[in-house]
Amino acid sequence: MSASSRTRRNYKDSRAASANRLYPVEEVLSLYGGVSRNTLGHRCRLGLPFIEGNPRLFLGDDLNAFHRWRKLVAKRPCGPDEVYCFSCKQHHSLRDIPFETERRDRHRVWVKITCPETEVETPTFLGIAKFERLTAPSQFESTPESHDYDVSSVQGESVQKPEPVPEVFSRTLLPENAWAVHAYQIQLQEAQGLHDKTIKAKLRHILRFVRFLDRMRFSDLTPEIIQTYKRTLVLSEDAEGTPESDEEAIRRLSASTIVHELGDLKAFVGWLASQTGYRSLNPDLADYFSPPNRLFKLAQISGDTYGPTLDEIRAILTAMPSTTLAQRRDRAALAFASLTGVRDGALVTLRLKHVRLARREVFQDALKVNTKGSKTMTTFWFPVGEDMEAIVTDWVEERIAGGADGDEPLFPKTPSAVRKRGAPPRPEFLKSATEVRKLIKRKSAVADIPDFREHTIRTTIARMFDTWARTPKEYKALSQNLGHEHVRTTLEHYGKLDTETQGAVIEDIRNRKDEPELATMFENWQKTLDEMRTTLGGFSAR
C-alpha cells in the first residue's frame, strides 16, 4: 500500500480537556466529537491512564498528554522517495506521481507535485544528493511496502514507540478520593451553578491537596494533617532566601493565592463531612483550613496599579497608524474601550447591532456578549472627548458601508474589504481578550507610555467621576453606566486615588487659605454627604 493511499488520521486537540477536571466516559466521548467506546477502550489499552471504578474517570491532564503523545508518535521523516503534502497531510511517493523541478541554487532543487487526493500543487525542496538518487532509479532505495511507521522522530533520532504517559498522578490517585472530588465537581456545576473558570480554580486547589495526601483517604483526615499542609503553603510564601524542602517547593505562592486555596479546601471538606461515608469526620475539621489573620491581611494589600490618564490614551491613539483596515480596527477598539469602559471579554464579543450611534449607547446583551455574571446592561458613552467618539463612529460606519450586517463582530479577527459575491466566510470574533492586551502592550510601547491592562481603563474612567459628577444622582448614573449595581463598588474598588494624586490633594489642602465662604462650602459638603448616605443605604464616608 503506497503512502498516498493511506487514510488520513484526524488527531484530536491536545488541549481540549481541562487539566484538573475529572471526566466520566460519557463526557470523554462527547469531548472528542463522538468517539466510540471501542476507540476509547483501545486507547486505554495503549496506556491512557484512568481511574477504575463506577464510574471510570479520566483526568483532563492525562487526556491532553495522551493526545500530545499520539501526535508525536505519528510523526516520521519522509522516505528517500517521498515528499510531505501540506494539503492532505500525507506522504507521497515521487515514484508514483509526476513532478516538476526547477533548480534554485547549488544546494537545493525545487520540486512541485500535484496532490492526487486534493489536486493541489505542493512545492518542496530536495537536497542535491537526494535529487540525484531520485533521477537514478537503479540506485534508489525505496521505502518498504510493509513499513508500518511504528517509530517517531525525537530530536533527530528514531526511537521505538514509547509509553504514552509515564508514571502519572492519576495512577496513584485513590478511586474513593477521585469519586469524592468528581461528586463535588458536579455539585459546583449543577447545584451552585458556578462558571467553568471558577470550577477550574477550585479543582486545581483541591487536587494540589490530594497530591499532598498521596495515598491517604479523605476519611482519615485529621487536624494535624491539615495544619502540616497549611505550614507547607505558608512556608512556600515566607521562605525568602532560605532553603526549601520538597514539600515547600511545591510552588512559590502569593498570600492571596494561599488564602483562596484554603478557602476552597475549607468549603470542600465542609461539604465532604455531610456526605455518606464521611460523616465520621470531625465536624470542626473544615475550620482548620482558616488562614492565619496575618496572611489574610497581607492578601488584602494591593499596591498602586498604574492606570493611564485620558491624555495618555489619546497620545497612544495619535501614535497608532490608520492606513489598513486592521490598523483602524485596533485604533477603534482602544477608543471604544475608553469611551464605554466595557470589560475585555465583552469587547471581543460585541456585535455591530449592539452599538447604537444615534443614542451614543451600547447594548450588552448577555445572550450574545460575554459580560461579567451574565448581566445584561445598557452603557452610554462617557464624556471622554469628541475625538474618541469620532474614531468609533467612523469605524462602525465603515464596517456597515463595507457590507457587514448587524450579527458580525464589532472588532473582527480578520477585517475584510467590501463584501462581494463569492467572498470568504463571515469574519470571525477575536479568539480571546488576550489579543486586546497584546494590542495595548504594542501600542503603548510605541507612544513611550508604560504598559497597562485593558481593565485599568475602567479605573481611569472611575477616577473622573469626581470631576464629572456634581450631585449624588449623577454619581449613581456614572457608576451604573460602569456596570455597578452599588456605588459602593465604584468607590471601594475603582475610586482609590493613586499615591501621586493623593499627595497632590493633601498638598493643596495644606496650602489652601481660609476663605469667607469656607463655612458655606462645608455646609454644602455635609448636605451632599447626607444625600449620599441616604442613596447608598447608610454608607459612611469615613
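About the criteria used
Residues numbered from 1 in each chain as written. Predicted model: local features only at pLDDT ≥ 70, side-chain atom pairs only at ≥ 80, totals over all residues. Heavy atoms only, no water. Helix = DSSP H or I, 4+ residues; strand = E, 2+ residues; numbered from the N terminus. Buried < 20%, exposed > 50% of the residue type's maximum accessible area, 1.4 Å probe, protein only. Contact = heavy atoms within 4.5 Å. Areas by Shrake-Rupley, 256 points an atom, 1.4 Å probe, with all protein chains shown as cover. Phe/Tyr/Trp six-rings, centres within 6.5 Å; stacked < 30°, edge-to-face > 60°. Pairing = 2+ DSSP bridges. pLDDT = per-residue confidence, 0-100. Axes fitted to C-alpha atoms, helices over the stretch in contact; angles between N-to-C directions. Parallel < 35°, antiparallel > 145°, perpendicular 65-115°, else oblique. Nonpolar A, V, L, I, M, F, W, Y, C, P; charged D, E, K, R; others polar. Salt bridge = Lys/Arg side-chain N within 4 Å of Asp/Glu carboxyl O. Polar contact = N/O pair within 3.5 Å; in protein donor to acceptor, adjacent residues only side chain to side chain. Core = buried A, V, L, I, M, F, W, Y, C linked by side-chain atoms within 4.5 Å. Patch = residues over 30% accessible without salt bridge, like charges linked within 9 Å, V, L, I, M, F, W, Y side chains within 5 Å. Expected span 1.5 Å × (residues − 1).

*Asks:* Give a detailed account of the overall build of the protein, specifying residues and quantitative values.
*Replies:* A tally of regular secondary structure across the protein gives 20 helices and 12 strands. Burial statistics for the protein: of 542 residues in total, 40% are counted as buried. Long-range pairs, those at least 24 residues apart, make up 60% of the contacts in the protein between residues at least 6 apart in sequence. Total accessible area computed for the protein in this model is approximately 31500 Å², and 50% of it derives from carbon and sulfur atoms.

*Asks:* Can you lay out the packing of aromatic side chains for me, pointing to particular residues and giving the numbers?
*Replies:* Two measures describe an aromatic ring pair: the distance that separates the ring centres and the angle between the ring planes. Per the counting criterion, the structure on display carries 16 aromatic pairs. Each ring, one from F66 and one from W69, has its centre 5.4 Å from the other, and the planes form 40°; the classification is tilted. Pair noted here: F66 and W69 are both in helix α3 (residues 60-74), with a separation of 3 residues, about one helical turn. Like W69, F66 is buried. Through a chain of ring-to-ring contacts, three or more aromatic side chains come together here, namely Y184, F218, F268 and W271.

*Asks:* Tell me about the sheet that holds strand β12 (residues 377-380), and please be specific about residues and values.
*Replies:* Taken in spatial order, the 3 strands of this open sheet run β10-β11-β12, and their pairing is antiparallel. Whereas interior strands pair on both sides, the edge strands pair on one side only; in this sheet they are β10 (355-356) and β12. Where β10 and strand β11 (residues 361-364) come together, 2 bridges link them in antiparallel fashion. Bridging across to β11, R356 finds its partner in E361.

*Asks:* Quick one: what's the story with the pairing of strand β3 (residues 82-85), residue by residue and with numbers?
*Replies:* Strand residues, when the strand is regular, have side chains that alternate between the two faces of the sheet. Of the pairings in the sheet, the one linking β3 to strand β4 (residues 90-93) comprises 4 bridges and is antiparallel in character. Bridge pairing in β4 places V83 opposite H92. Between β3 and β4, which pair antiparallel one after the other, the connecting turn spans 4 residues, and K89 there sits at a positive phi close to 60°.

*Asks:* If you had to explain the confidence of the model for the protein to someone new, which residues and values would you point to?
*Replies:* When pLDDT is averaged along the protein, the result is 78, and 78% of the positions lie at 70 or above. Overall, residues 239-251 carries pLDDT values under 50, and its contacts beyond four positions in sequence, including any with other chains, amount to 16 contacts. With pLDDT under 50 throughout, residues 417-422 is counted as low confidence; its partners more than four residues away or in other chains account for 7 contacts.

*Asks:* How would you sum up the packing of helix α17 (residues 472-481) against helix α18 (residues 487-494)? Please name residues and give values.
*Replies:* In the contact formed by α17 and α18, the axes pass within 8 Å of each other and the chain directions differ by 75°. Judged on the interaxial angle alone, α18 and α17 are roughly perpendicular. On the side of α17, the interface is formed by Y475, K476 and S479, while α18 contributes V487, T490 and L491. Taken together, the residues of the contact of α17 with α18 sort by class into 3 nonpolar, 2 polar and 1 charged.

*Asks:* Residues and numbers for the pattern of salt bridges, please.
*Replies:* Applying the stated criterion across every chain, the model contains 15 salt bridges. When the shortest N-O distance is used, the salt bridge between R399 and E408 registers 3.4 Å. Exposure class is identical for R399 and E408. Each is buried. In the salt-bridge network here, residues are joined through shared partners; they are D311, R314 and D387.

*Asks:* Report on the environment of T118, specifying residues and quantitative values.
*Replies:* Along the chain, T118 falls in the loop between β6 (108-114) and β7 (121-127). Note: C-alpha distance between T118 and S87 (31 residues apart in sequence) is 6.9 Å. Beyond its immediate chain neighbours, meaning those up to four positions away, T118 contacts S87 and C88.

*Asks:* So what about the side chain of H484? Which residues, and what values?
*Replies:* Topologically, H484 is positioned in the loop between α17 and α18. A distance of 3.4 Å separates a polar atom in the side chain of H484 from a polar atom in the side chain of R458. Polar contacts involving the side chain of H484 include one to the side chain of T490, which spans 2.7 Å. The contact partners of H484, leaving out residues within four places of it in the chain, are R458, S479, T489, T490 and Y494.

*Asks:* Describe unusual backbone geometry, and please don't skip the residues or the numbers.
*Replies:* The omega torsion of the bond from N54 to P55 falls at 10°, within 30 degrees of zero and hence cis. Within the chain, R360 stands out as a residue other than glycine whose phi angle is a positive 55°. Mapped onto the fold, R360 is located in the loop between β10 and β11. In this structure, D448 is a non-glycine residue whose phi angle is positive, near 60°. By the secondary structure assignment, D448 is in the loop between α14 (434-446) and α15 (456-462).

*Asks:* Hey, could you go over the pairing of β11 for me, with residue numbers and the actual values?
*Replies:* Remark: 4 residues form the turn of the hairpin made by β10 and β11, two consecutive strands paired antiparallel; R360 in that turn has positive phi of roughly 55°. Here β11 pairs with β12 via 4 bridges, running antiparallel. What sits directly across from F363, in β12, is T378.

*Asks:* Residue-level account of the packing of helix α6 (residues 196-213) against helix α8 (residues 255-272), with values.
*Replies:* One way to put it is that α6 packs onto α8 with a least axis distance of 9 Å and a crossing angle of 80°. One element, α6, and the other, α8, form an angle in the roughly perpendicular class. Taken together, the residues of α8 that come into contact with α6 (itself represented by A201, K202, H205, I206, R208 and F209) are T257, H260, E261, D264, L265 and F268. Broken down by class, the residue content of the contact of α6 with α8 amounts to 5 nonpolar, 3 polar and 4 charged.

*Asks:* Please set out the nonpolar core residue by residue, giving values where relevant.
*Replies:* The nonpolar side chains of a soluble globular protein tend to be buried, and buried together. Core analysis: the largest hydrophobic core is formed by 51 residues, its most contacted members being F336 and L410. Residue contributions to this core peak at 8 residues, all from helix α11 (residues 325-340). A178, L203, F268 and V269 belong to the second-largest nonpolar core, a separate cluster that totals 41 residues.

*Asks:* Break down a nonpolar patch on the surface for me, with residues and values.
*Replies:* There is a patch of nonpolar side chains on the surface, built from L497, V505, I506 and I509 and spanning about 300 Å² of accessible area. As for its placement among the helices and strands, I509 is situated in helix α19 (residues 499-511).

*Asks:* Run through α8, naming residues and quoting values.
*Replies:* Here α8 spans 26 Å end to end across 18 residues, near enough to the 26 Å set by a 1.5 Å rise per residue. Residues A255, I258, V259, E261, L262, D264, L265, F268, V269, W271 and L272 constitute the buried set of α8.

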